[in-house]
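Structure at a glance
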Amino acid sequence: MAVDFSKFADVLKSLGVAGEVRELPEPAPTAAAAAQQLGCEVGAIANSLVFDADGAPLLVMTSGAHRVDTSRVAALTGSAAVARADARSVREWTGQAIGGVGPVAHPAPIRTLVDTWLSKYDVVWAAAGHPHTVFPTSFDELIRITGGTAADVGS
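Residues numbered from 1 in each chain as written. Predicted model: local features only at pLDDT ≥ 70, side-chain atom pairs only at ≥ 80, totals over all residues. Heavy atoms only, no water.

A few words on the pattern of salt bridges. For the structure shown, the criterion picks out three salt bridges. Between Asp152 and Arg72 there is a salt bridge; the shortest N-O distance is 3.2 Å. Within this pair, whereas Asp152 is found in the segment after strand S8 (149–151), its partner Arg72 is found in helix H3 (residues 70–77), the two being separated by 80 residues in sequence. (Salt bridge = Lys/Arg side-chain N within 4 Å of Asp/Glu carboxyl O. Helix = DSSP H or I, 4+ residues; strand = E, 2+ residues; numbered from the N terminus.)

So, in structure tokens, the structure goes:
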């Protein structure tokens with residue numbers, strides 16, 4: 001399946017990201033599916049999970065080895081309630097579909113937390129705006145390109 005990821009790749013280039021977008025033969029809607037296709041540990045997959053934090057979007061870049069602790073995230077962000085966003089909100093806030101949400105290239109900046117667990121890996125893989133695309137990056141680069149905050153978000 002040919003996927004046009006040129007706009008996403010252009011955004012990465014404009015942000016100074018050296019890693020190239022890679023098209024996967026199968027969709028990778030989960031960290032396990034991505035890790036299997038890439039031949040890496042599931043923990044090296046940077047899931048882009050979108051949450052509704054008191055009505056505002058919140059992007060949590062978490063290791064595929066973790067589940068996000070929404071109580072912890074609420075405390076970290078000073079939010080009364082943090083819950084997974086529905087598919088319509090994810091599309092509205094990111095311009096991308098669940099299963100392929102990347103850390104960047106959204107219609108407007110989204111407050112972002114980046115799981116400190118990802119710092120254990122020299123290379124982490126993040127979605128590139130489509131369930132068939134990923135790109136290599138690093139913990140530090142994710143912080144830089146998202147303007148995110150390092151946080152212990154997992155359980």
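From this point on, the discussion continues.
This brings us to the environment of Thr116. Mapped onto the secondary structure, Thr116 falls in the loop between strand S5 (111–115) and strand S6 (124–127). Among the residues examined, Thr116 registers a relative accessible area of 32% and is labelled partly exposed. It is 24 Å that separates the C-alpha atoms of Thr116 and Arg22, two residues lying 94 residues apart in sequence. The residues touching Thr116, leaving out its near neighbours within four places in the chain, are Phe139, Ala150, Ala151 and Asp152. (Buried < 20%, exposed > 50% of the residue type's maximum accessible area, 1.4 Å probe, protein only. Contact = heavy atoms within 4.5 Å.)

Turning our eyes to something else, we now look at the pairing of S6. Along S6, one buried face is formed by Val124 and Ala126 and the opposite face, lined by Trp125 and Ala127, is buried too. In terms of strand pairing, strand S2 (residues 45–53) meets S6 through two bridges, oriented parallel. By the bridge assignment, Ala46 is partnered in S6 with Ala126. Bridge count between S6 and strand S7 (residues 133–137): four bridges; the pairing is antiparallel. Residue Val124 lies in a different strand from S7, and its bridge partner there is Thr137. (Pairing = 2+ DSSP bridges.)

Turning next to H3. Those residues of H3 not exposed but buried are Val73, Ala74 and Thr77. On an axial view of H3, the arc spanned by its buried residues comes to 100 degrees, and they lie on one face. Every exposed residue of H3 that faces more than 90 degrees away from the buried side is listed here: Ser71 and Ala75. Taken together, the buried residues of H3 touch strand S3 (56–63), strand S4 (82–84) and S5. Where H3 starts, the residue carrying a side-chain oxygen 3.1 Å from the main-chain nitrogen of Ser71 turns out to be Asp69. Phi turns positive one or two residues past the end of H3, at Gly78, with a value near 70 degrees. (Arc of directions from axis to C-beta. Polar contact = N/O pair within 3.5 Å; in protein donor to acceptor, adjacent residues only side chain to side chain.)

This next bit is on the pairing of S7. Within S7, four of the five residues are buried, leaving the element largely enclosed by the surrounding structure. Inspection of the sheet shows strand S1 (residues 22–23) paired to S7 by two bridges, in the antiparallel sense. Residue pairing across strands places Arg22 opposite Val134, the latter belonging to S7. Here S6 hands over to S7 after five residues, with Gly129 in that stretch at a positive phi of 90 degrees.

Read these as spatial facts, not as claims about activity.
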